[in-house]
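Descriptive structure summary
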Amino acid sequence: MNGTGTLRSKFRGVKKELLDRQTSMIIQSMTIDELYLEILYEILHNVGGCDVGCEVGQHAMLSYVQEAFKIGNDKHTQLLTKAEAKEPPELMLNVEVVEAKDLVPKDPNGLSDPFVTIYLMSNSSHRYNTSVKSGTLNPVWEEHFSLPMSGTVNEDSLCLEVWDFDPAETVKEKMTKIFDVKGVKGLRKLVKEIAITASTGKHDNELIGTSNIPLKSIPAGGMAMWFSLSKKSKLRRQGVVKVRLNFSSEKNNQVAAQEHRHLLRIVLLHELENSKVAPYWWCGNFSAPAEAILTQHVAQSGLSQLDNSLVQWSVYCAVTPDHPLSFNLFNTLLDKLTKPLQSSLVIEEDVKLFWDGARKLLPTCYSHIRKLRKKTAGDKTVMKTLREVLKILYKLSILDVPECIDLFPKTSYGWLRDDAGKLNVYEVLNQAVIQGASDWFVHILDNNECKDNTEESRLQHLIRVIQLVRSDLQRAVEYYDRVFIEVMSFPYTKALYGLYESKIASLVEPEVIEVCKCLKRLQYNEGSTTTVHLAGGIAGVTGLGAPEVANEPLSMGTTLFELYLALQRFLLLGQGLNETEWSSYAISKFHGWFFGGVAQWLDIAAFKALTRIEKAVDLDNLVPVDTNVKYSSSGVDTLAIFYQIKIFWQQLAWPDVEGCYTFVAKIIDDICRCCVFYSDKMANRVDSVGTVTTVYEERFEVTTEWCVAINNIDYVRQSLEPFVEELGMDDIIQKMCEARSPIEAQRCKETLQNVIANAIDTVKNKIVDLLEVMIKKMMPSITRFLVEGAELLHQDCSSMDRVMRYLEANLDTLYQHLNNENFSRTLDIVWEQLGEVLYELIQANLEKRRPPSFFSNLHECLKIMIRSFRQDNKEMYSSDTLKRVEYLLKLHGMETRELIHEYHLGRWQEQQSIVEPKMGILTVRAQFIDDNLKIEVMNARNLVATDSNGLCDSYVRVALLPEDSFANVVKPKTQTHSKNLFPLYDEMFLIPLSPEQRGIADGLLHFVVKDKDMFSVSNTFVGEAYLHFSEIPDTPAPIGSLPQQHLPLSKPNTVDGDAIKALDSRQGDRQARDFIKKQRQKMPSKQFFSLG
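Residues numbered from 1 in each chain as written. Predicted model: local features only at pLDDT ≥ 70, side-chain atom pairs only at ≥ 80, totals over all residues. Heavy atoms only, no water.

Check the secondary structure of the chain and you find 33 helices and 20 strands. Each of the 1092 residues in the chain was classed as buried or not, and the buried ones make up 48%. Accessible area of the chain: about 53,200 Å², with a carbon and sulfur share of 50%. (Helix = DSSP H or I, 4+ residues; strand = E, 2+ residues; numbered from the N terminus. Buried < 20%, exposed > 50% of the residue type's maximum accessible area, 1.4 Å probe, protein only. Areas by Shrake-Rupley, 256 points an atom, 1.4 Å probe, with all protein chains shown as cover.)

Given below as structure tokens:
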């Protein structure tokens, strides 16, 4: 084995049939020394030139190989001597004639029929010809030839000759080509050919051009090149021909490949050791000596490009687990190997060799993917490396793996699931991605441990975990997902999300449900948000004394909501990644975990709203925020607080329609309570504002603060309905209609509308209450001014001016700063309050027995006020109380005689409403003739029996009212008609009147029917009737032509009239006492006079 002849028998000079039998044995028994000797032999017999081998030199190559193989000097000298003693190698020159272009035409038709002859100068007798390509100047051959080379390789050269084939033709046959002749030159050639054929009969081929290629110019790795064709007699180029050249030997292919694998591994490890290159950076660039040695071995071993690529793949894959190489290197090799493998151009042994290398490479690829998070996301190098790894996986995934190959052994892939069966590259990629995510999730939990075991701390821990997981998904979406999809059509982020969501769901769900069970509900007194206590906690009713305890439910609920939002954003990301199947995720129903906590969130939102409203009111300086509006900062702040609750609701985005209705109903109720709370706080804010104290008096002045406070409340009230619409109530009702029934949805809608309407009415009432408080504060001053005005109206002219100035100043402030609706409300309240004040004044001063002049003056003051505030002759007020008070002032301001006549007018009005007269009917006619009054008393019917015999002795007395205006007028009386209930009087009376008497507007004819009693002091009153002057026609026509007037007779049957009460209040007035006594006598039965 160590002798020269023995080595020679293994590698050189062995016949082919023997070599095949020795191959397997040689591959197994080859030693480093034998391989080293072979490489020395190849260096000594270097082939080719103009490449790295020539530039490096033989000495450098020998030094390099000794260093790479780690051979001592003595042994190196011994083996070098053996290599020098060997015979030169038997090499072959492989020539592929590819094509030619721009050949010079040699035929009369302007074309040629070219073929190529090749031979070595050292053996010109062995010539090789290509086929003939007819009628072309750009022929394509692509034909291969192998020429045996002599020992003098560096002195030999390859000759290329391109000929035009001239077939054997007769003169006649040549004459037929005359029509194919091209140009004068072509005609000259045809004539020459015909002449030669006719004279000699020869048909020699014509040389187009030649090219000479020195063998030493051919690189050891071979080359493909265009060569120019020349001809001695021609100066210009005759065309170009493309030839592919390389050297080979007759060495067995498997032996050569095995040698090259050993050599490549030794050289590669030596290169990596010397270069100290970083992992994954070496991309196939050898040093010059190494490149020269490898090239020579490929050339002299006769390895094809495919063989060399397979060797490189095998060696690089074997080395990379310990010495990671550039993934781009493997991609380049796969580009060369994929098509031959798919086309079955690779023998079975080499296919197994290829997949054996892939099996060694794949763990590195999958490890890179699993540990992707250790790289800097977005870094160009990281992204490039990832793309290269995925390209390797893709190219391997499209190849068929032999059944006998276990590409993913459990020893190398301990993280693969056992139940997966035989996996392909794509499936293992999926598991690698999932395993990497699982490892990262464990890393997150290990490095973000919960600080303590409180519920708050656990919730914060869950939020941090979700945020870190979401950050990983965001990085995947931003950087990696596109690469995975482009190269492998693999949804990287979607695969990550599938793992993360299940782990987060299993981690968060039990914790949230437990926390929600233990939540302590907030309850608070809306009068003061500073006092907060809990009820319904797990330990029963619990008071919150210390501030830190009071903060617990707030912070807990806030943290729980932060967790909800974190899960919501996490699910939203999943919906974007998996638009069709996201509902299958365990986390898609996460909102159900929080159902018990939503009520507290809403309580917290309401509590915070009340707190902020209270602070906003305290900080409000009650100055309009802008010249164009009439409300101040707290109104704007309160509306902003409401919209923060709306934002909370939008963030909640509760998907369940029934829960939506429940929660939005609570939100609406809370907002309504906030409105009422704001109204109360604003009312309290201005309660002490406006009091002016001087030396002489203390009075209330309406200020802009009061107006702004009222406007603020109204501004907040007006925002309620738009706010509810923005909560999406209509959409919720529509969904309920679809999920339940239209009737039930309508009932729910009406419930919410009633809540809103009640809140709006409540706030409106708050505004009215505040206006009433403000006006009540004004009333003491107004009352004082009115009393002074009533007492000194005609003595001190400034008394009414003062009350008017006071009212005008305050109402002007209200008009300037209130909106129109509230100003109108204010006026209504002013008149209502004024009516109540005046009524109290009337009652108080009646008790003081004030004279009628006092009430008359008070009435005059009221009329002055009404005239002052009347606009466009419209009724200034609608207060029933004030109307009543004005009437009472009018009555109490009358003289006694006027009151008596007012009583009679009241009796006349009562007469108009009698439908069934019980005292009988009196029929009369009356007319005015100029200033004379003619009266005809005609008859009476159905008189009431007053005598014991059941009859009546009646007569009629006529009087004109008021009595003091007709004191000089005779009171006519009819004759007495005895024992008759249907007397016929038929008497006519003519009463002359003065023009003044005739012009009295409310004059009355008073008909009194009495029963004449012969034995009594006074006659018995039967009934009375009235005829108003306005009911008496003024006509000179005969009275008989006038219609009869049937007047119902009646008796006073009530003592509750305002006029009679006014008369009764005048205890010292004799006229009033006598009149009341007289009216008492008319009563149908004895009644005690009482005013109640």
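Next up on the list: helix H20 (residues 633-652). The terminal C-alpha atoms of H20 lie 29 Å apart, and with 20 residues this matches the ideal 28 Å at 1.5 Å per residue to within 8%. Of the residues making up H20, those classed as buried are Ser634, Gly635, Thr638, Leu639, Ile641, Phe642, Ile645, Lys646, Phe648, Trp649 and Leu652. Down the axis, H20 shows its buried residues gathered within 160° of arc, on one side only. (Expected span 1.5 Å × (residues − 1). Arc of directions from axis to C-beta.)

Along the chain, asparagine 949 falls in the loop between strand E15 (932-941) and strand E16 (954-961). Look at asparagine 949 and you get partly exposed, because its relative accessible area is 44%. Sequence spacing of asparagine 949 and lysine 979 is 30 residues, and the spatial spacing of their C-alpha atoms is 8.4 Å. A polar contact of 2.9 Å, which involves the side chain of asparagine 949, links it to the backbone nitrogen of leucine 951. (Polar contact = N/O pair within 3.5 Å; in protein donor to acceptor, adjacent residues only side chain to side chain.)

This part covers the confidence of the model for the chain. Overall, the predicted model of the chain reaches an average pLDDT of 81, with 85% of residues at or above 70. In the predicted structure, residues 528-550 sits below a pLDDT of 50 and forms 30 contacts with residues beyond four places in sequence or in another chain. Across residues 1086-1092, confidence stays below pLDDT 50; counting only partners more than four residues off in sequence or on other chains, it has 12 contacts. (pLDDT = per-residue confidence, 0-100. Contact = heavy atoms within 4.5 Å.)

Here the focus is the pattern of salt bridges. In this structure the tally under the stated criterion is 29 salt bridges. Across the pair glutamate 614 and lysine 681 runs a salt bridge, and its minimum N-O distance is 3.2 Å. With glutamate 614 in helix H19 (residues 595-619) and lysine 681 in helix H21 (residues 657-686), this residue pair connects regions lying 67 residues apart in the sequence. The residues glutamate 614 and lysine 681 share a single accessibility class, namely buried. (Salt bridge = Lys/Arg side-chain N within 4 Å of Asp/Glu carboxyl O.)

This part covers the side chain of histidine 1006. Take histidine 1006: it is sitting in strand E18 (residues 1004-1011). For histidine 1006, a relative accessible area of 7% corresponds to the buried category. In terms of polar contacts, histidine 1006 uses its side chain to reach the side chain of glutamate 1024, at 2.7 Å. Those residues within four positions of histidine 1006 in sequence are excluded, and the remaining contacts are His904, Arg957, Val958, Ala959, Leu961, Glu1024, Ala1025, Tyr1026 and Lys1082.

Below, the discussion takes up helix H5 (residues 58-69). For H5, spanning 12 residues, the distance from its first C-alpha to its last is 16 Å, which sits close to the expected 16 Å at 1.5 Å a residue. All buried positions along H5 are accounted for by Met61, Leu62, Tyr64, Val65, Gln66, Ala68 and Phe69. Downstream of H5 by one or two residues, lysine 70 has phi in the positive range, about 55°.

What follows covers the nonpolar core. By size, the foremost hydrophobic cluster in this structure holds 219 residues, and its most contacted members are Trp313, Tyr316, Tyr366, Leu393 and Phe484. With 18 residues, the single largest contributor to this core is helix H25 (residues 742-792). Not counting the four nearest positions on each side in its chain, tryptophan 313 is found in contact with Phe330, Leu333, Leu334, Leu337, Phe354, Gly357, Ala358, Leu361 and Leu396. Of all hydrophobic cores here, the second largest spans 31 residues; its members include Met919, Phe989, Leu1005 and Ala1025. (Core = buried A, V, L, I, M, F, W, Y, C linked by side-chain atoms within 4.5 Å.)

Let us now look at a negative patch on the surface. On the surface, Glu721, Glu725, Asp730 and Asp731 cluster together to form a negatively charged patch. At the level of secondary structure, the elements contributing two or more residues to the negative patch comprise helix H23 (720-726) and helix H24 (729-739). Note on placement: glutamate 721 falls in helix H23. (Patch = residues over 30% accessible without salt bridge, like charges linked within 9 Å, V, L, I, M, F, W, Y side chains within 5 Å. Lys, Arg positive; Asp, Glu negative; His and termini not counted. Charge placed at Lys NZ, Arg CZ, Asp CG, Glu CD.)

We now examine the sheet that holds strand E3 (residues 123-129). Across the sheet, 4 strands lie side by side as E3-E2-E5-E6; this open sheet has antiparallel pairing. The open sheet terminates on both sides in strands that have one partner only, identified here as E3 and strand E6 (206-214). Taken over all neighbouring pairs, the strand axes of this sheet differ in orientation by 25° on average, direction set aside. Bridge count between strand E5 (residues 157-164) and E6: 8 bridges; the pairing is antiparallel. (Pairing = 2+ DSSP bridges. Axes fitted to C-alpha atoms, helices over the stretch in contact; angles between N-to-C directions.)

A separate point is the packing of aromatic side chains. Evaluation of the coordinates by the stated rule reveals 37 aromatic pairs. Measuring from centroid to centroid gives 4.8 Å for phenylalanine 561 and phenylalanine 648, while their planes differ by 50°, and the two rings are tilted. With phenylalanine 561 in helix H18 (residues 547-577) and phenylalanine 648 in helix H20, this pair connects stretches of sequence that are 87 residues apart. Phenylalanine 648 carries the same exposure label as phenylalanine 561, and that label is buried. When the ring of phenylalanine 590 is compared with that of phenylalanine 594, the centres are 6.2 Å apart and the planes differ by 80°; the resulting orientation is edge-to-face. (Phe/Tyr/Trp six-rings, centres within 6.5 Å; stacked < 30°, edge-to-face > 60°.)

Taking every second residue as pointing to the same face, the buried face of strand E17 (residues 984-992) carries Tyr985, Glu987, Phe989 and Ile991, while none of Leu984, Asp986, Met988, Leu990 and Pro992 on the other face is buried. As defined by bridge partners, E15 adjoins E17 across 7 bridges and the pair is classed as antiparallel. By the bridge assignment, asparagine 939 is partnered in E17 with leucine 984.

Strand order in this open sheet of 4 strands is E17-E15-E14-E20, and the pairing throughout is antiparallel. A single partner strand is all that each edge strand has here, and the edge strands are E17 and strand E20 (1045-1048). Neighbour to neighbour, the strand axes of the sheet diverge by 25° on average, direction disregarded. Note that strand E14 (residues 921-929) and E20 share 4 bridges and pair antiparallel. Its bridge partner being in E20, valine 924 is matched across the sheet by glutamine 1045.

Before going further, it helps to spend a moment on the packing of helix H13 (residues 348-370) against helix H15 (residues 425-447). To describe two helices that pack against each other, one gives the angle between their axes and the distance between the axes. Running from amino to carboxyl end, H13 crosses H15 at an angle of 40°, the nearest separation of the two axes being 8 Å. On the basis of the axis angle, H13 is oblique to H15. Crossing of H13 against H15: the hand is right-handed. Listed contacts from H15 to Tyr366, Ile369 and Arg370 of H13 are Val425, Val428, Leu429, Ala432, Val433, Gln435, Gly436 and Asp439. Considered class by class, the residues forming the contact of H13 with H15 number 7 nonpolar, 2 polar and 2 charged. (Parallel < 35°, antiparallel > 145°, perpendicular 65-115°, else oblique. Left-handed = near helix turned anticlockwise from the far one by under 90°. Nonpolar A, V, L, I, M, F, W, Y, C, P; charged D, E, K, R; others polar.)

Right, let's talk about unusual backbone geometry for a bit. With an omega dihedral of 5°, the bond running from leucine 961 to proline 962 counts as a cis peptide bond. When you line up the elements, proline 962 lands in the loop between E16 and E17. Of note in this structure, lysine 276 is not a glycine but carries a positive phi near 55°. For lysine 276, the location among the structural elements is in the loop between helix H9 (253-275) and helix H10 (288-301). The phi dihedral of serine 489 falls on the positive side, at around 55°, and the residue is not glycine. Its place among the elements puts serine 489 in the loop between helix H16 (455-488) and helix H17 (492-517). Owing to a relative accessible area of 55%, serine 489 belongs among the exposed residues under this scheme.

Running from amino to carboxyl end, helix H12 (residues 327-342) crosses helix H14 (residues 380-397) at an angle of 30°, the nearest separation of the two axes being 9 Å. As judged from the angle between their axes, H12 and H14 are roughly parallel. In this structure, H12 meets H14 at a crossing whose hand is left-handed. From H12, Phe327, Asn328, Phe330, Asn331, Leu334 and Asp335 reach across to H14, where they touch Thr385, Glu388, Val389, Lys391, Ile392, Lys395 and Leu396. Looking at the contact of H12 with H14 residue by residue, the class counts come to 6 nonpolar, 3 polar and 4 charged.

Now for a positive patch on the surface. A cluster of like positive charges, contributed by Arg957, Lys971, Lys973, Lys1010, Lys1012 and Lys1078, occupies part of the molecular surface. The residue lysine 1078 is located in helix H33 (residues 1070-1081) in this model.

To continue, consider the environment of glycine 1003. With respect to the helices, strands and loops of the structure, glycine 1003 is situated in the loop between helix H31 (995-998) and E18. On the accessibility criterion, glycine 1003 (0% relative accessible area) is buried. Between the alpha carbons of glycine 1003 and proline 962 there is a distance of 6.6 Å; along the sequence they are 41 residues apart. Not counting the four nearest positions on each side in its chain, glycine 1003 is found in contact with Leu961, Leu1027, His1028 and Phe1029.

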